[in-house]
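# Understanding the architecture of this molecule
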Amino acid sequence: MIRTARAADVPVIHAMIRELAEYERAVDEARATPEQLHDALFGEHPAVFGLIAEDDAGEPVGFALWFRNFSTWRGTHGIYLEDLYVRPSARGGGHGRALLAELARICVDRGYARLEWSVLDWNEPSIGFYKSLGAVPMDEWTVFRLTDGALAELGGSAGR
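## Observations regarding the packing of aromatic side chains
- Using the criterion set out here, one finds six aromatic pairs in the structure.
- Centroid distance F67 to Y80: 5.4 Å. Interplanar angle 35°. Geometry classified as tilted. Note that F67 is positioned in strand β3 (residues 60-71) and Y80 in strand β4 (residues 76-86), a separation of 13 residues in sequence.
- Ring centres of F129 and Y130 lie 5.6 Å apart, and the angle between their planes is 50°; on these two criteria the pair is classed as tilted.
- Taken together, the ring pairs in this structure connect W117, F129 and Y130 into an aromatic cluster.
- Lying over the aromatic face of W122, R25 brings its terminal NZ or CZ to 4.0 Å of the ring centre.
- The lysine or arginine in question, R91, covers the ring of Y23, its NZ or CZ lying 5.4 Å from the ring centre.

Written as structure tokens, this is what we have:
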């Protein structure tokens, strides 16, 4: 049901990223191209890793994209799950749980201390699902992000 992503999966991963962006009401923010995804996953210096969930016929129905992070408090790496998506027609079939279980197995096998991800506050179905697996919300933490003009402005001031 779960396998490592292959270069041939890039078009379907890209399509599912677009589906996820539509679900999250942010399709205009999903600007990644298939070429960028291919480079990130399979280029000379891969920076992200992928898993594919398949149905019984071997068709991709979901994916997880992740990268390693590091906990200074734990002194070990962890996994940050950038995206987890299962197509609506395949939801309830165990694919999301299987993707998370595989990521947890990778953490355990490699001695990583954490598996972390973000979820939109309004996404109650996903929040309930994650809690059912034993995941806990980090309510005392707020995610901050710099993008576009603010990122360029701050980056341009470095070293001055």
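## Some words on the layout of surface pockets
- Here the second largest pocket defines a volume of roughly 170 Å³.
- Contributing to the lining of the second largest pocket are R97, L100, A101, A104, C107, V108, L115, W117, Y130, L133 and A135.
- Breaking the lining of the second largest pocket down by element, the ones donating at least two residues are α3 (95-110) and β5 (115-117).
- Broken down by element, the residue count for the lining of the second largest pocket peaks at six residues, all from α3.
- Grouping the constituent residues of the lining of the second largest pocket by class yields 10 nonpolar, no polar and one charged.

## Here we look at unusual backbone geometry
- The backbone of R25 shows a phi angle near 60°, a positive value even though the residue is not glycine.
- Within the fold, R25 resides in the loop between α1 (10-23) and α2 (34-42).
- A relative accessible area of 65% places R25 in the exposed class.
- Of note in the backbone geometry, D148 takes a positive phi value of approximately 45° without being a glycine.
- Assignment of secondary structure puts D148 in helix α5 (residues 148-156).

## Quick notes on the pattern of salt bridges
- Counted by the stated rule, this structure contains six salt bridges.
- Residue R87 pairs with E19 through a salt bridge whose shortest N-O separation is 2.9 Å. Of the two residues, R87 is situated in the loop between β4 and α3 and E19 in helix α1; the sequence distance between them amounts to 68 residues.
- Between D109 and R105 there is a salt bridge, with its nearest N and O atoms 2.3 Å apart. One end of the pair is D109 and the other is R105, both in helix α3 and four residues apart, which spans about a single turn.
- By relative accessible area, which is 39% here, R105 ends up partly exposed.

## Observations concerning a negative patch on the surface
- Together, D121, E124, D139 and E140 make up a region of like negative charge exposed at the surface.
- Relative to the elements of secondary structure, D121 occurs in the loop between β5 and α4 (124-132).
- What makes D121 exposed here is its relative accessible area of 69%.

## Re the pairing of β3
- Counting buried residues along β3, nine of its 12 residues qualify, which places the element largely inside the surrounding structure.
- The loop that links strand β2 (residues 49-54) with its antiparallel partner β3 comprises five residues; one of these, G58, has a positive phi angle of about 85°.
- As paired strands, β3 and β4 are joined by 10 bridges and run antiparallel to one another. Pairing of F70 across the sheet is with H77, part of β4.
- The loop that links β3 with its antiparallel partner β4 comprises four residues; one of these, G75, has a positive phi angle of about 75°.

About the thresholds
Residues numbered from 1 in each chain as written. Predicted model: local features only at pLDDT ≥ 70, side-chain atom pairs only at ≥ 80, totals over all residues. Heavy atoms only, no water. Phe/Tyr/Trp six-rings, centres within 6.5 Å; stacked < 30°, edge-to-face > 60°. Helix = DSSP H or I, 4+ residues; strand = E, 2+ residues; numbered from the N terminus. Lys NZ or Arg CZ within 6 Å of the ring centre and 35° of its normal. 1 Å grid on protein atoms, 1.4 Å probe; cavity = no way out; pocket = protein on both sides within 12 Å on 5 of 7 lines; lining within 4 Å. Points joined across faces, edges and corners; volume = space filled by probe spheres on them. Nonpolar A, V, L, I, M, F, W, Y, C, P; charged D, E, K, R; others polar. Buried < 20%, exposed > 50% of the residue type's maximum accessible area, 1.4 Å probe, protein only. Salt bridge = Lys/Arg side-chain N within 4 Å of Asp/Glu carboxyl O. Patch = residues over 30% accessible without salt bridge, like charges linked within 9 Å, V, L, I, M, F, W, Y side chains within 5 Å. Areas by Shrake-Rupley, 256 points an atom, 1.4 Å probe, with all protein chains shown as cover. Lys, Arg positive; Asp, Glu negative; His and termini not counted. Charge placed at Lys NZ, Arg CZ, Asp CG, Glu CD. Pairing = 2+ DSSP bridges.

By themselves these figures say nothing about function.
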